[in-house]
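What follows is each chain in one-letter form.
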Amino acid sequence: FPSHDIISIALGSFMAAKIEEKNCLKWLVATQGFLTASLILLYLWVPHWPDYFMRLRMMFATSDLNFTPYWVSVFVSFFLFLVVPVTLLGMTLPLLFQQLKSRGQFLNQTAGKMYSYNSVGATLGAILLGYLVFLALHGDQVFSILILIATLSFLLVLDLKLTDRSFAVRFGPLVAVIAL
């Protein structure tokens, strides 16, 4: 359901806006770490979803009156399963903006670059992972690739935090990995 994503991304952006500038990089590292961990947990949990939804379906007798409560339950279940990883995804871009602002970067040029990298990465990710890779690999292998990309993103942000190098120098590869 697309509405789950929209609500969760908005929640993540709202949460990121409440973070103080001085703590931005710490939160960016934590966000990427928790995102990677939540994706790993989701990967391990997804094989159990058919059993869960079968049990959920059995709770509702086959009747026209139970159609709406069943699908509301499915909607709420998916929301609860996905709210953490998608909210963390929604926090990433605002935290990157805040990090750039705290370092005195030229926001007008950098914001345009960030959105273009994000758009290109999302488009390529959707085409490559959403269509082409699914032709050659199974769903669990594609999800493993996503976990690998999230892990690389976390390691890049962690390296940035530990080495404190110029964010502008490292910005391009970081955004490219996060965008995918």
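Above this text sits the structure in question.
This one's a predicted model, so the numbers in the text were calculated from it and none came from an experiment.

Peer 1: Whenever I open this one, the overall build of the protein chain confuses me. Can you help?
Peer 2: In terms of regular secondary structure, the protein chain is built from 7 helices and 0 strands. In the protein chain, the succession of α and β elements from N to C terminus is α-α-α-α-α-α-α. Here the contacts in the protein chain between residues at least 6 apart in sequence split such that 75% fall between residues at least 24 apart. When the accessible surface of the protein chain is summed, it comes to about 10900 Å², and 71% of that surface belongs to carbon and sulfur atoms.

Peer 1: For this particular structure, what's the right way to read the packing of helix α2 (residues 24–45) against helix α6 (residues 139–163)?
Peer 2: Two numbers describe a pair of packed helices, the interaxial angle and the distance between the axes. Between α2 and α6, the least distance of the axes is 9 Å, while the angle of their chain directions is 160°. For the element pair α2 / α6, the angle class is roughly antiparallel. Two packed elements cross with a definite hand, and for α2 against α6 that hand is left-handed. Taken together, the residues of the contact of α2 with α6 break down into 15 nonpolar, 6 polar and 3 charged.

Peer 1: What's the story with α2 in this structure? I'm lost.
Peer 2: Side chains three or four residues apart in an α-helix point the same way, a direct result of the helix having 3.6 residues per turn. For α2, which comprises 22 residues, the first-to-last C-alpha distance of 31 Å matches the rise-based estimate of 32 Å (1.5 Å per residue) to within 8%. Considered for burial, the residues of α2 that qualify are C24, L25, L28, V29, T31, Q32, G33, L35, T36, S38, L39 and L42.

Peer 1: Is there a simple way to explain the side chain of S38 in this structure?
Peer 2: Topologically, S38 is positioned in helix α2. The class for S38 is buried, based on a relative accessible area of 11%. When neighbours within four sequence positions are excluded, S38 is seen to be in contact with V84, P85 and L88.

Peer 1: Looking at this structure, how should I read the packing of aromatic side chains?
Peer 2: The geometry of two aromatic rings is summed up by the distance between their centres and the angle between their planes. For the coordinates displayed, the defined rule picks out 14 aromatic pairs. With 4.4 Å between their ring centres and 75° between their planes, W45 and F81 make a pair best called edge-to-face. One end of the pair, W45, is in helix α2; the other, F81, is in helix α4 (residues 67–102), with 36 residues separating them in the sequence. Accessibility expressed as a relative area gives 41% for W45, which makes it partly exposed. Overall, the relative accessible area of 10% leaves F81 in the buried class. A centroid spacing of 6.1 Å and a plane angle of 80° characterise the contact between F53 and F81, whose relative ring orientation is edge-to-face.

What counts and what doesn't
Just so you know, the residues in each chain are numbered from 1, in the order the chain's sequence is written. The predicted nature of this model means local features are confined to residues of pLDDT at least 70 and side-chain atom pairs, given and counted, to a pLDDT of 80 or more, with totals for whole chains, interfaces and linings taken over all residues. Each side-chain value is derived from all of the structure's non-hydrogen atoms; neither hydrogens nor water enter the calculation. By definition, any uninterrupted DSSP run of H or I lasting at least four residues is a helix, any uninterrupted run of E lasting at least two residues is a strand, and each is numbered from the N terminus. Whether two residues touch is decided by their heavy atoms; if any such pair falls within 4.5 Å, the residues are in contact. Using the Shrake-Rupley algorithm and a 1.4 Å probe, accessible areas are obtained, with residue cover drawn only from the displayed protein chains. Here the axes come from fitting lines to C-alpha atoms, over the contacting stretch only for helices, and the angles between their N-to-C directions go from 0 to 180 degrees. Note on terminology: angles under 35 degrees are roughly parallel, angles over 145 are roughly antiparallel, angles of 65 to 115 are roughly perpendicular, and the others are oblique. Handedness of a helix crossing follows the sense of rotation of the near helix relative to the far helix, less than a right angle counterclockwise being left-handed and clockwise being right-handed. Throughout, the ten residues Ala, Val, Leu, Ile, Met, Phe, Trp, Tyr, Cys and Pro are labelled nonpolar, Asp, Glu, Lys and Arg are labelled charged, and all others, Gly among them, are labelled polar. The span expected for a helix works out to 1.5 Å for each residue beyond the first. Throughout, exposure labels follow a simple rule: accessible area from a 1.4 Å probe, protein chains only, divided by the maximum for the residue type, with under 20% read as buried, over 50% as exposed, and the rest as partly exposed. The pairing test for Phe, Tyr and Trp rings, Trp by its six-membered ring, is centres within 6.5 Å, and the orientation test on the planes gives stacked under 30 degrees, edge-to-face over 60, and tilted for anything in between.

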